[in-house]
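Inside the fold
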Amino acid sequence: MNRFVALGALLSLGALPAYAAPVDRYVTEQGGTRIEISAPRADIVRVRAGQSALPEDASWAVSQEIRSHLVPLEVSELGDIVELRTAAVRVKLDRRTLALTVEDAAGRAILADAPGTAMAFENGGFRLRKAMPRDEHYFGLGDKTGSLDRRGGAFTMWNTDAFGYTPSTDPVYKSVPFVIGVDESGHSFGLFVDNVWRSYFDFGKSERAAFSFGAEGGPIDYYVMAGADPKDIVQDYAYLTGTAPLTPIWALGFQQSHWSYMTQEEASGIADRLRADRIPADVLWLDIDYQDRNRPFTVNTKAFPDLAGLVKRLAEQDLHLVVITDLHIAAAPNQSYSPYESGMAADFFLKRPDGKPYVGPVWPGDAVFPDFSRAKVRDWWGAQYADFVKM
């Protein structure tokens with residue numbers, strides 16, 4: 001009898017959680033900020049937030065198919081705390097402050113908001129702060145100089161042609177806003193920030209007990225991944241963004257690359273020497289010096305009079321030839337340069353705000369840049385390789 005009295009007292013005090021029907025998305029609002037939580041997979045949580053309204057549900061990295069395939073969230077409420085569950089993760093949200101904690105199925109915190117202001121909108125952009133345990137280390141972000149462990153550093157995400165960069169240069173060529181966190185017991189989590197604006201990550205450089213990330217604009221849209229180890233996290237990330245095509249076996253072999261082999265004769269000599277000295281090699285690379293005036297999709301027939309013949313000769317030596325192609329097109333009007341003429345005719349190049357083509361200096365001099373965000377442009381670019389593939 002006493003057990004039932006005690007249970008009734010707990011219910012009257014609201015000490016037991018109230019359960020609601022499962023939902024695909026949980027949305028709430030506080031102080032003009034709206035937040036949405038969903039789970040594209042049981043071990044992946046997606047968080048979106050905006051001022052008065054959620055940002056557009058769009059992505060260059062995660063397909064609509066993946067974003068719309070949602071695992072139901074079990075919902076329970078205890079006072080101001082809402083708990084959302086899948087089979088692999090728990091999300092605890094304080095509706096008063098919108099403070100967020102992601103836990104694994106055992107209740108161990110994976111990623112939690114830092115004390116104080118954890119989400120701020122400022123100057124058209126945003127800043128998020130997360131707690132940074134003392135034993136946690138961070139890896140990722142794409143092309144970055146310095147230590148593999150990003151802890152203690154701050155990094156800018158903005159693709160930059162940083163030729164001649166030093167160990168302290170940032171940013172450099174490629175930005176990948178994906179981080180793997182690993183503590184000293186091996187527990188891991190993943191964080192992918194789906195925002196293409198100029199952004200940053202600060203792993204305890206500005207404040208000792210928190211790491212932060214943000215952007216100058218664009219959406220608050222990020223994914224938290226749970227897993228037993230970094231391998232699980234990488235598989236989660238691949239689920240979101242897709243896997244790379246299967247590499248041909250020869251591309252996994254030894255590759256000879258140097259800046260630069262200036263002539264067909266020099267390249268052939270390198271191949272002969274590799275075979276004569278029995279040095280393992282499967283691939284020989286050519287930098288842009290095989291091109292006519294450094295123009296992509298051309299051949300300097302004075303330096304490389306028979307590129308197709310070179311391909312055949314190397315094949316007879318069990319060597320593959322790879323030729324580099326930079327992601328621009330020489331701005332060469334009225335010069336019978338087909339990639340420029342066809343790209344201009346189809347309106348495939350990036351433009352300035354005034355509608356004129358964006359022109360920048362690269363290896364061939366003035367160059368224009370394909371708008372790879374458009375499928376037609378990507379198809380056109382791929383078709384430029386046709387003559388090379390036939391060799």
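Attention in this report is confined to the structure presented alongside it. Only a predicted model underlies this, so the values are computations on that prediction, with no experimental measurement involved.

Calculation notes
Residues numbered from 1 in each chain as written. Predicted model: local features only at pLDDT ≥ 70, side-chain atom pairs only at ≥ 80, totals over all residues. Heavy atoms only, no water. Patch = residues over 30% accessible without salt bridge, like charges linked within 9 Å, V, L, I, M, F, W, Y side chains within 5 Å. Areas by Shrake-Rupley, 256 points an atom, 1.4 Å probe, with all protein chains shown as cover. Salt bridge = Lys/Arg side-chain N within 4 Å of Asp/Glu carboxyl O. Helix = DSSP H or I, 4+ residues; strand = E, 2+ residues; numbered from the N terminus. Buried < 20%, exposed > 50% of the residue type's maximum accessible area, 1.4 Å probe, protein only. 1 Å grid on protein atoms, 1.4 Å probe; cavity = no way out; pocket = protein on both sides within 12 Å on 5 of 7 lines; lining within 4 Å. Points joined across faces, edges and corners; volume = space filled by probe spheres on them. Nonpolar A, V, L, I, M, F, W, Y, C, P; charged D, E, K, R; others polar. Phe/Tyr/Trp six-rings, centres within 6.5 Å; stacked < 30°, edge-to-face > 60°. Lys NZ or Arg CZ within 6 Å of the ring centre and 35° of its normal. Arc of directions from axis to C-beta. Contact = heavy atoms within 4.5 Å. Lys, Arg positive; Asp, Glu negative; His and termini not counted. Polar contact = N/O pair within 3.5 Å; in protein donor to acceptor, adjacent residues only side chain to side chain.

All right, on to a nonpolar patch on the surface then. On the surface, a cluster of nonpolar side chains totalling about 630 Å² of accessible area is made up of Phe-163, Tyr-165, Tyr-173, Trp-259 and Trp-363. With respect to the helices and strands, the residue Trp-363 is situated in the loop between β23 (360-362) and β24 (365-368). According to the relative accessible area criterion, Trp-363 is partly exposed, its value standing at 45%.

Right, let's talk about unusual backbone geometry for a bit. The omega torsion across Asp-170 and Pro-171 is 0°, close enough to zero to call that bond cis. By the element assignment, Pro-171 lies in the loop between β13 (154-157) and β14 (175-183). Here Trp-259 and Ser-260 are connected by a cis peptide whose omega angle stands at 10°. Structurally, the position occupied by Ser-260 is in the loop between β19 (255-256) and α4 (264-276). Although it is not a glycine, Ser-52 sits at a positive phi angle of roughly 70°. Structurally, the position occupied by Ser-52 is in the loop between β4 (44-51) and α2 (64-68). One non-glycine residue with positive phi stands out, namely Ser-336, at about 55°. Within the secondary structure layout, Ser-336 lies in the loop between β22 (329-330) and α6 (338-345). Accessibility expressed as a relative area gives 74% for Ser-336, which makes it exposed.

A word on the layout of surface pockets. Within this model, the largest pocket holds a volume of roughly 2300 Å³. Taken together, 45 residues form the lining of the largest pocket, with Asn-159, Thr-160, Tyr-173, Lys-174 and Leu-327 sitting closest to its centre. Broken down by class, the residue content of the lining of the largest pocket amounts to 27 nonpolar, 11 polar and 7 charged.

Under the criterion given, the structure shown has 25 aromatic pairs. Both rings, one in Phe-201 and one in Phe-203, keep their centres 5.9 Å apart while their planes meet at 10°; by these two values the pair is stacked. Look at Phe-203 and you get buried, because its relative accessible area is 0%. Ring geometry for Phe-213 and Tyr-222: centres 5.7 Å apart, planes at 80°, overall edge-to-face. Neither residue differs from the other here; Phe-213 and Tyr-222 are each classed as buried. Each member of the aromatic cluster is reached from another via a ring pair, and the members are Phe-297, Tyr-340, Phe-348, Phe-349, Phe-372, Trp-380, Trp-381 and Tyr-385. Residue placement shows Arg-41 over the ring face of Tyr-239; its charged tip is 4.6 Å from the ring centre. One Lys or Arg, Arg-150, reaches over the ring of Phe-155 and ends 5.5 Å from the middle of that ring.

Glancing now at helix α7 (residues 375-383). Regarding α7, the residues found buried are Val-377, Trp-380 and Trp-381. Looking down the long axis of α7, one finds its buried residues gathered within 100° of arc, a one-sided arrangement. Exposed side of α7, more than 90 degrees from the buried face: Lys-376 and Asp-379 are the residues found there. Residues of α7 that are buried make contact with β22 and α6.

A word on the side chain of Arg-295. Tracing the chain through its elements places Arg-295 in the loop between β20 (283-286) and α5 (307-316). Buried and unpaired, Arg-295 has no salt bridge, with Asp-292 as the nearest side chain of opposite charge at 5.5 Å. A polar contact of 2.7 Å, which involves the side chain of Arg-295, links it to the side chain of Gln-335. Dropping the residues within four chain positions of it, Arg-295 is found in contact with Ala-330, Ala-332, Gln-335, Tyr-337 and Pro-364.

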